[in-house]
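A structural walkthrough
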Amino acid sequence: MENKYKLVFATNNAHKLSELRAVVGDSLSILSLADIDCHDDIPETGSTLEENSMIKARWVKEKYGYDCIADDTGLEVEALNGEPGVRSARYAPGEGHDSKANMKLLLSNMEGKENRNARFRTVITLISDTLGTHTVEGIVNGTIITKEQGESGFGYDPIFVPVEGDGLTFAQMTGDEKNAISHRGRATRALLALLEKLC
Ligand code: IMP
């Protein structure tokens, strides 16, 4: 009975997985890395979001054989010449992905800056035996505020106010509200539109 197209989402980030699954709904079956018994720490050695999403998707396709998608996301801040960008996860020095430390460093680098414009950009790469290799993108414009606001979401959500968001940060929105306008929501809907065309 269950005959949906199965795609592995190459992420260990539970927030990303649930955001993407919420947008995809019942149209596809999205498997996690745990579902395919992949516990690898997939390297992100590219110098662009496009390269990193390709590296992650290829890793799963080549090692595990599944049709796969991978996302890479960056927060690009105008006054910092697009930083942290592809280095968003590892912006602050030290081991691991420490969102608090990353936000603290970003806010300190933004001190005194009048231009607080920024955008989140998500690139999703699809690698499929039958559908080929494709890349889609989602962008949301907004501003960096001076102090964290809100408890929901993850990463830089507490300091990012999207232009369409009534002045709330992503961390002050419900998951559905964030998905309706977010970089990942948009990239995921672009992926669904692409699959519709290809299938
Ligand atoms: P990556 O795509 O896993 O490399 O994520 C890059 C960095 O951006 C990480 O620090 C994430 O926490 C952060 N990030 C990714 N997506 C979001 C988001 O939707 N909101 C806030 N931060 C995010």
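Residues numbered from 1 in each chain as written. Predicted model: local features only at pLDDT ≥ 70, side-chain atom pairs only at ≥ 80, totals over all residues. Heavy atoms only, no water.

**Notes on the site of the ligand**
Short version of the rule: Residues are labelled near a given molecule or strand when at least one of their non-hydrogen atoms is within 4 Å of it. For this analysis, a polar contact is any N or O atom pair within 3.5 Å, provided that within protein one partner can donate a hydrogen and the other can accept it, and provided that sequence-adjacent residues contribute only side-chain to side-chain pairs. Each accessible area is a Shrake-Rupley result for a 1.4 Å probe, and residues are judged covered by the shown protein chains and nothing else. Put plainly, a pocket is an open set of points on a 1 Å grid over the protein atoms alone with protein on both sides within 12 Å along at least five of seven lines, a cavity is a set where a 1.4 Å probe fits but cannot get out, and a lining residue has an atom within 4 Å of a point. Whether a molecule sits in a cavity or pocket is decided by its atoms, more than half of which must lie within 2 Å of the grid points. Each helix is a run of DSSP H or I of at least 4 residues and each strand a run of E of at least 2, with the numbering of both proceeding from the N terminus. When residues are sorted by character, Ala, Val, Leu, Ile, Met, Phe, Trp, Tyr, Cys and Pro go into the nonpolar class, Asp, Glu, Lys and Arg into the charged class, and all the rest, Gly among them, into the polar class.
Near the ligand lie 14 residues; those nearest to it are Lys16, Asp157, Lys178, His183 and Arg184. Backbone polar atom of Tyr156 to a nitrogen atom of the ligand: 3.0 Å apart, as the coordinates give it. Here Arg184 contributes a side-chain N or O atom positioned 2.7 Å from a nitrogen atom of the ligand. For the ligand, whose free accessible area comes to 480 Å², the fraction covered by protein is 95%. In this structure the site holding the ligand corresponds to the largest pocket. Those elements giving two or more residues to the shell around the ligand turn out to be strand E3 (68-77) and helix H5 (183-198). Grouping the amino acids of the shell around the ligand by side-chain chemistry returns 4 nonpolar, 4 polar and 6 charged.

**A closer look at the packing of aromatic side chains**
Condition: Only centres within 6.5 Å qualify two rings of Phe, Tyr or Trp (six-membered ring in Trp) as a pair; their planes then separate them into stacked at under 30 degrees, edge-to-face at over 60, and tilted for everything else.
Overall, the coordinates contain 3 aromatic pairs when judged by the stated rule. A network of ring pairs unites the aromatic residues Phe120, Phe160 and Phe170 as a single cluster.

**Details of the pattern of salt bridges**
Selection criterion: Should a side-chain nitrogen of Lys or Arg be within 4 Å of a carboxyl oxygen of Asp or Glu, the pair is scored as a salt bridge.
Tallied over the entire structure, the rule returns 19 salt bridges. We note a salt bridge from Asp40 to Lys63, for which the minimum N-O separation is 3.1 Å. Of this pair, Asp40 sits in the loop between strand E2 (29-31) and helix H2 (49-64) while Lys63 sits in helix H2, and the two are 23 residues apart along the sequence. The structure contains a network of salt bridges with shared partners spanning Lys16, Glu19, Asp71, Asp157, Lys178 and Arg184.

**Topic: the layout of surface pockets**
Note the following rule: Grid points are joined across faces, edges and corners, and a volume is the space filled by probe spheres set on the points.
The space that makes up the largest pocket amounts to roughly 740 Å³. As for the largest pocket, its lining consists of 35 residues, of which Asn13, Lys16, Glu44, Ala89 and His97 are closest to the centre. Broken down by secondary-structure element, the contributors of at least two residues to the lining of the largest pocket are helix H1 (14-24), H2, E3, helix H3 (99-109) and H5. The dominant element in the lining of the largest pocket, judged by the number of residues it contributes, is E3, at 4 residues. When the residues that make up the lining of the largest pocket are grouped by side-chain class, the tally is 11 nonpolar, 14 polar and 10 charged. Counted as a void, the second largest pocket has a volume near 160 Å³. Lining the second largest pocket are 13 residues, with Glu19, Gly153, Thr174, Gly175 and Lys178 sitting closest to its centre. Of all the secondary-structure elements, those providing two or more residues to the lining of the second largest pocket are H1 and helix H4 (175-181).

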